[in-house]
Amino acid sequence: MTMDHLIVHEAHNVAMRDTPQHFYDKQPSRGSYIKNKDQYTEWYNQSINNPEQFFGNMAREYLHWDKDFTKTLTGSLEKGDVAWFLNGELNACYNCVDRHAFANPDKIALIYEADDEKDNYKITFNELLTRICKVAGVLQKWGVKKGDTVGIYLPMTPEAIIAMLAVARLGAIHSVIFAGFSAGSLKDRIVDAGCKVVITCDEGKRGGKTVNIKRIVDEGLNGVQSVSHILVFQRTGNPQVPMTAGRDYYWDAECAKQRSYIPCVPINAEDPLFLLYTSGSTGSPKGVVHTAGGYLLGAALTTRFVFDLHPEDVFFTAGDVGWITGHTYALYGPLSLGTSSIIFESTPAYPDYGRYWRIIERYQATHFYVAPTAMRLIKKVGEAEISKYNISSLRVLGSVGEPIAPDLWEWYNEKIGNENCVICDTMWQTESGSHLIAPLAGAFPTKPGSATLPFFGINAAIIDPVNGQELTGNDVEGVLAIKSPWPSMARSVWNDHQRYMETYLKPYPGFYFTGDNAGRDHDGYYWIRGRADDVVNVSGHRLSTSEIEVALSEHPAVSECAAVGIADDLTGQAIIAFLALKNEEMEHPANPEDLQLLRRELIMKVRGSIGPFASPKSVIIVEDLPRTRSGKIMRRVLRKISSNEAEELGDLSTLANPEIVPKLLSAVDAQFLSLKK
Ligand code: WTA
């Protein structure tokens, strides 16, 4: 990616936006690990000025090493050869399970909140260890060894966590694919990662509905020769779900044959722990590579210091393990610290909007971590349920995945936190592995809408995207970049290091580029404005508009299309797709119903190609798309028109076909609304 691909943030050279600037200064009731802003500053300065000493000490304090490392850090962002904890060896499963099972065998590790509340149960560290060993034994029998990749396509159940840790136990690499992805998306990811084994289930349960998980796997893996074995957990036990002899095996039957303990395989700190596919501006999804040592340290440290997590706390991450939040803050963070983690399979609306609060009350959860999109939904339709429950066990409320608007922040603080909790708006990414910018609960004041200050070791910078220069000092707007390596940063893109360099390290040499627009205010606090590239964030799910365009253009009626993200009250951003048809007469059919049918078909096409969560909110059929003289589609024009901001279209002098603008406006008027009805 070059700078030309970036949408220069329109506000980058205007003064800070008019955002609430009042501080909330609250300590969690028990006092926090980091006492105050001065202590934060002292630790932060050490972490930046002497990262080797700072993170070397932290790594030895918080992780168990089978072999100590001999050098803490080498390499540079410029060269893309960063490595941490060289020659050190460890095992992530040992760190998350074994050491706690030895010290505290009966402590609860996982609390399973099943789709149907009647199916809930808890797992101690000791039981977790046994269950992991059995699955690891099965995988080992099938030939899975250090460095192999294993695909996991499971809903948010304890088995997903067990599968991930079983893979890690063998020193193999897990690649979890969100169980909402379509068969085609699953296949692309399994093939790219070269998985030998896939772990899945027969059917999922979500919101009382049954999801045909295995059928999607069968469809996706049809003809994929590299997958020799599939382990099938029987979530519902439906005997109708087909099994392929010689390839598919039931989880329980296979585990029953295995020993209750098998040893961990220590791996090098720089060996991959997992891959997680994520969307970028262009091309197919990237398999982001995270390493065993640095990633695990980032997960442990941020969980401890950002959330001020204490051993007796109960951590509730409402995100799915199919995304990075589930990896870092449902599994690796809380478990590496030996803390209980709630695994939530259902939705906030099932069977009613009291679900989250019942969970918190039932398990006395101290931490609740969720995307703003869920809070927007509850604020809109489920607020009355909150006061029916006693959720006073909560101390820290986290927000993740998208900007939280100041008024929603205030609502979260008041209605859920009862003005008694610290709100941690945490800014980070799949690639960062753990929090980049986030408050340390109780250590320093927060401001509604700001992710506040960088975590230890995060040398944050704001860069002027026009000239690529760092903007020093406060009161600046630009793009967010990071100036030095941090332990949990992604090391590569699977099988494509060049792409890693081009996406993250080459846009601004010497910096890691986050892809986000951001400002730093007069107090040095950071405000994340949203993506600077063609990534959209729908209900906290990260999507690339180009992937959606590829899916739509596969439909035989479509000649050309462009998808854009616009602000949405409920989902944060929503996707609007603009299409020109091959058969132009179709644009004005005798029967308008035909057009409506086509629009629905196109939406189904995206659902089928990527997954239901990627559905465009609206599909707008137009004569032509706005383009520059060199033929590039001007997405800015489409974004403004569909955001009701046509009066702010800006400079249209580069538009080759200005006559299209009024036509686009009337198409949006007619079609956007007709779909909304
Ligand atoms: C956005 C999710 C504002 C941002 C953990 C980032 C946020 C992208 C925040 C990564 C936040 C995440 N405030 N924006 N607190 N957290 N984002 O990889 O645009 O799914 O680049 O990781 O989400 O999305 P991803």
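Predicted model, so just to flag it, every value in this text is computed and none were measured.

Draft legend 1. Molecular detail of the overall build of the protein. Looking only at helices and strands, one finds 18 helices and 31 strands in the protein. Computed over the C-alpha atoms, the radius of gyration of the protein is 25 Å, within 12% of the 26 Å expected from 2.2 N^0.38 for a compact globule of 677 residues. Its C-alpha atoms give the protein principal-axis dimensions of roughly 70 × 60 × 55 Å. Looking at the protein residue by residue over its 677 residues, the buried ones come to 63%. Pairs at least 24 residues apart make up 72% of the contacts formed inside the protein by residues separated by at least 6 positions. For the protein, the exposed surface amounts to about 24700 Å²; the carbon and sulfur share of it is 50%.

Draft legend 2. Here's a closer look at the domain arrangement of the protein. With domains assigned, the protein is organised as domain 1 (9-72 + 83-517) and domain 2 (536-675). Taken together, the contacts link 24 residues of domain 1 with 22 residues of domain 2. Counting the surface lost from both domain 1 and domain 2, the interface buries some 1600 Å², and carbon and sulfur atoms represent 46% of this. Sorting the residues of domain 1 by area buried against domain 2 places S279, W323 and R376 first, and these three jointly supply 27% of that buried surface. Here domain 1 and domain 2 share one salt bridge between them.

Draft legend 3. A look at the site of the ligand. By nearness alone, 17 residues border the ligand, and D425, T426, T430, D516 and R542 come closest of all. Measuring from a nitrogen atom of the ligand, one finds a side-chain N or O atom of D425 at 2.7 Å. Protein coverage of the free-state accessible area of the ligand, which is 520 Å², stands at 96%. Listing elements by their share of the shell around the ligand, those giving two or more residues are α10 (324-336), β20 (422-426) and β26 (526-531). Across the shell around the ligand, the residue classes break down as six nonpolar, six polar and five charged.

Draft legend 4. Representation of empty space enclosed by the protein within the structure. Across all of its chains, the model carries two cavities of 30 Å³ or more by this definition. Volume-wise, the largest cavity comes out at about 60 Å³. Contributing to the lining of the largest cavity are F55, G298, L301, S434, H435, F455, F456, I458, W486, P487 and S488.

Draft legend 5. The arrangement of the packing of aromatic side chains in detail. Taken as a whole, this structure holds 47 aromatic pairs when the rule is applied. Their ring planes at 55 degrees and their centres at 5.6 Å tell us that W65 and F85 sit as a pair that is tilted. Here the residue W65 occupies a position in the loop between α2 (51-62) and β1 (71-74), and F85 occupies one in strand β2 (residues 83-86), the gap between them amounting to 20 residues. Relative accessible area serves as the criterion here: at 11%, W65 is assigned to the buried category. Look at W84 and F85: their rings are 5.6 Å apart centre to centre, the planes differ by 40 degrees, and that puts the pair in the tilted class. As far as burial versus exposure is concerned, W84 and F85 are alike and both buried. In this structure, R304 is placed above the aromatic ring of Y33, and the distance from its NZ or CZ to the ring centre is 3.8 Å.

Draft legend 6. The arrangement of the UniProt feature "domain: Acetyl-coenzyme A synthetase N-terminal" (unreviewed entry) in the protein in detail. Following the UniProt record, one finds the feature "domain: Acetyl-coenzyme A synthetase N-terminal" (unreviewed entry) at residues 40-96. Span residues 40-96 is 47% helix and 18% strand, its end C-alpha atoms 27 Å apart.

Draft legend 7. Focus on the environment of A136. Assignment of secondary structure puts A136 in helix α4 (residues 125-141). With relative accessibility at 0%, the residue A136 sits in the buried group. Along the chain, A136 and Q46 lie 90 residues apart, while their C-alpha atoms are 40 Å from each other. Every residue in contact with A136, bar those within four places of it in the chain, is listed here: A166, R169, L170 and I262.

Draft legend 8. The arrangement of the pattern of salt bridges in detail. Counted by the stated rule, this structure contains 41 salt bridges. The salt bridge partner of R247 is D248, with a shortest N-O separation of 2.6 Å. Residues R247 and D248 agree in their burial class; the two are buried. The shortest N-O distance in the salt bridge between D568 and K617 comes to 2.5 Å. Taken together, the residues span a long stretch of sequence, with D568 in strand β29 (residues 558-568) and K617 in the loop between α16 (592-609) and β31 (618-622) at a distance of 49 residues. The exposure class assigned to D568 is buried, which follows from its relative accessible area of 13%. Classification of K617 as partly exposed rests on a relative accessible area of 37%. Within this structure, E113, E117, D352, R355, R358 and R362 form a network of salt bridges that share partners.

Draft legend 9. Here's a closer look at helix α7 (residues 213-221). The buried fraction of α7 amounts to seven of the nine residues, a majority that puts the element mostly inside the structure. Along α7, the residues that are buried comprise I213, K214, I216, V217, D218, G220 and L221. At the C-terminal side of α7, G223 shows a positive phi close to 85 degrees.

Draft legend 10. Structural view of helix α17 (residues 635-642). In terms of burial, α17 is a largely internal element, six of the eight residues being buried. Among the residues of α17, R635, V637, L638, K640, I641 and S642 are the ones counted as buried.

Draft legend 11. How the structure looks around the nonpolar core. Grouped together as the largest cluster of nonpolar side chains are 171 residues, with contacts concentrated most on L139, L165, I199, Y332, L335 and F456. In terms of domain composition, this core takes at least three residues from each of domain 1 (9-72 + 83-517) and domain 2 (536-675). Those residues in contact with L139 that lie beyond four places of it in its chain are V144, A166, V167, L170, V197 and I199. In this structure, V314, A374, I378 and C421 belong to the second largest nonpolar core, which totals 31 residues.

Draft legend 12. A look at the side chain of S544. Here S544 shows up in strand β28 (residues 541-544). In this structure the side chain of S544 is engaged in a polar contact, spanning 3.0 Å, whose partner is the side chain of S546. Here E547 takes part through its backbone nitrogen, which lies 3.0 Å from a polar atom of the side chain of S544. Excluding anything up to four places from it in sequence, S544 contacts S279, G280, S281 and D534.

Draft legend 13. Quick look at the environment of I111. With respect to the helices, strands and loops of the structure, I111 is situated in strand β4 (residues 108-113). In this structure the C-alpha to C-alpha distance between I111 and C424, which are 313 residues apart in sequence, comes to 23 Å. The contacts of I111, once residues within four sequence positions are left out, are Y121, K122, V314, S340, S341, I342, I343 and Y363.

The rules behind the values
- Residues numbered from 1 in each chain as written.
- Predicted model: local features only at pLDDT ≥ 70, side-chain atom pairs only at ≥ 80, totals over all residues.
- Heavy atoms only, no water.
- Helix = DSSP H or I, 4+ residues; strand = E, 2+ residues; numbered from the N terminus.
- Rg over C-alpha atoms; globule rule 2.2 N^0.38 Å.
- Buried < 20%, exposed > 50% of the residue type's maximum accessible area, 1.4 Å probe, protein only.
- Contact = heavy atoms within 4.5 Å.
- Areas by Shrake-Rupley, 256 points an atom, 1.4 Å probe, with all protein chains shown as cover.
- Domains from an automatic or database assignment.
- Buried area = accessible area lost by both parts, 1.4 Å probe.
- Salt bridge = Lys/Arg side-chain N within 4 Å of Asp/Glu carboxyl O.
- Near = heavy atom within 4 Å.
- Polar contact = N/O pair within 3.5 Å; in protein donor to acceptor, adjacent residues only side chain to side chain.
- Nonpolar A, V, L, I, M, F, W, Y, C, P; charged D, E, K, R; others polar.
- 1 Å grid on protein atoms, 1.4 Å probe; cavity = no way out; pocket = protein on both sides within 12 Å on 5 of 7 lines; lining within 4 Å.
- Points joined across faces, edges and corners; volume = space filled by probe spheres on them.
- Phe/Tyr/Trp six-rings, centres within 6.5 Å; stacked < 30°, edge-to-face > 60°.
- Lys NZ or Arg CZ within 6 Å of the ring centre and 35° of its normal.
- UniProt positions renumbered as here; feature names shortened; annotations may be inferred.
- Core = buried A, V, L, I, M, F, W, Y, C linked by side-chain atoms within 4.5 Å.

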